[in-house]
Amino acid sequence: MSEVAMTRREWLLTDRPQSRLQARLGRAYVAWRRFTANRLAVLGLLIILGLVFLAIFAPLLAPHSPYVGDLANARLQAPGAVHWLGTDDQGRDILSRLIYGSRLTLQVVLLVAIIAAPLGLLVGTVAGYAGGWVDAVLMRITDIFLAFPKLVLALAFVAALGPGIGNAIIAIAITSWPPYARIARAETLTVRNSDYILAVQLMGASPWRIVLRHIMPLCISSLIVRVTLDMAGIILTAAGLGFLGLGAQPPLPEWGAMIASGRRFILDQWWVAAMPGFAILIVSLGFNLLGDGLRDALDPRGSGQ
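Residues numbered from 1 in each chain as written. Predicted model: local features only at pLDDT ≥ 70, side-chain atom pairs only at ≥ 80, totals over all residues. Heavy atoms only, no water.

1. Quick word on the side chain of Arg-97
Step number 1: Checked against the element boundaries, Arg-97 lands in helix α5 (residues 94–130).
Step number 2: Contact partners of Arg-97, with chain neighbours within four places excluded, come to Pro-66, Asp-88, Arg-92, Pro-251, Leu-252, Pro-253, Trp-255 and Met-258. (Helix = DSSP H or I, 4+ residues; strand = E, 2+ residues; numbered from the N terminus. Contact = heavy atoms within 4.5 Å.)

Take a look at the structure:
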């Protein structure tokens with residue numbers, strides 16, 4: 001076992017890779033070792049994996065229905081043997097609603113990342129490579145979005161589109177892309193006049209091909225780190241919209257809406273609002289720890305900053 005492991009390790013860490021695949025696997029292996037050396041980052045990864053596990057197996061893990069309660073016998077029960085985290089004002093099991101709510105949280109995070117990150121990447125790389133009036137126009141539009149607080153701008157878009165989880169996702173995505181555009185533009189400016197890009201230009205590649213095939217891949221690692229660090233902010237923004245009644249609508253078990261419904265009982269039945277708030281805290285902490293670990297693993301020059 002040890003000889004095979006040593007052989008594989010030497011193959012991955014060689015400074016003279018024989019193929020592109022070997023070089024990519026070697027870089028990934030080095031990044032993974034650097035990531036796993038950070039215990040807090042591993043803790044963050046475990047938290048996120050736990051969130052994914054809950055979302056996938058929610059029907060099997062939830063002990064009760066997240067939508068049907070028992071008003072007559074189980075309303076506002078304290079945490080106990082039957083309802084581990086207590087019940088809400090409708091007699092619904094809070095633990096089951098948190099488990100099913102993980103699906104909504106994961107849905108919001110993934111869809112916002114899928115929409116906002118590519119949009120910001122495209123705007124930033126085009127602006128950085130084209131320069132001139134194209135850069136000026138795209139960056140001024142970006143500055144306009146950055147001038148407004150994210151939650152206020154999301155509230156404005158949701159108010160225009162109407163309440164609902166789908167419109168909330170669109171609103172959060174619209175307000176989340178400007179930082180990614182800034183990062184992509186900065187990365188593009190550093191490589192736009194490099195020998196690598198000039199050689200591709202001399203080979204006759206079109207500007208769009210240069211942007212899509214040669215510049216965008218160089219920006220992805222920085223973008224992944226920023227997206228991961230922004231996940232906590234996305235969760236808090238979605239929870240804020242849900243708290244204000246503009247996100248997921250009842251009876252969906254969205255964590256922000258659960259806090260809103262439990263704020264009336266915060267003094268006597270504290271668990272109704274505290275449990276979803278604690279869930280938001282843990283998941284946000286997990287994404288922050290994961291983002292810090294990815295930043296150090298993918299960009300070791302910034303590990304000491």
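2. Some words on the layout of surface pockets
Step number 1: Considered as a void within the structure, the largest pocket measures approximately 400 Å³ in volume.
Step number 2: Lining the largest pocket are Arg-20, Ala-23, Arg-24, Arg-27, Ala-28, Val-30, Ala-31, Arg-34, Tyr-196, His-214, Ala-297 and Leu-298.
Step number 3: Counting residues per element, the ones that place at least two in the lining of the largest pocket are α2 (20–36) and α12 (271–298). (1 Å grid on protein atoms, 1.4 Å probe; cavity = no way out; pocket = protein on both sides within 12 Å on 5 of 7 lines; lining within 4 Å. Points joined across faces, edges and corners; volume = space filled by probe spheres on them.)

3. Brief notes about the side chain of Thr-175
Step number 1: Looking at the secondary structure, you find Thr-175 in helix α8 (residues 165–191).
Step number 2: Exposure remark for Thr-175: the relative accessible area of 7% places this residue in the buried category.
Step number 3: Among residues more than four places away in sequence, those in contact with Thr-175 are Lys-150, Leu-153, Ala-154 and Phe-157. (Buried < 20%, exposed > 50% of the residue type's maximum accessible area, 1.4 Å probe, protein only.)

4. A word on the packing of α5 against helix α10 (residues 207–243)
Step number 1: α10 packs onto α5 with a crossing angle of 140° between their chain directions and a minimal axis gap of 7 Å. In terms of orientation, α5 lies oblique with respect to α10. The way α5 lies across α10 gives a crossing that is right-handed. (Axes fitted to C-alpha atoms, helices over the stretch in contact; angles between N-to-C directions. Parallel < 35°, antiparallel > 145°, perpendicular 65-115°, else oblique. Left-handed = near helix turned anticlockwise from the far one by under 90°.)

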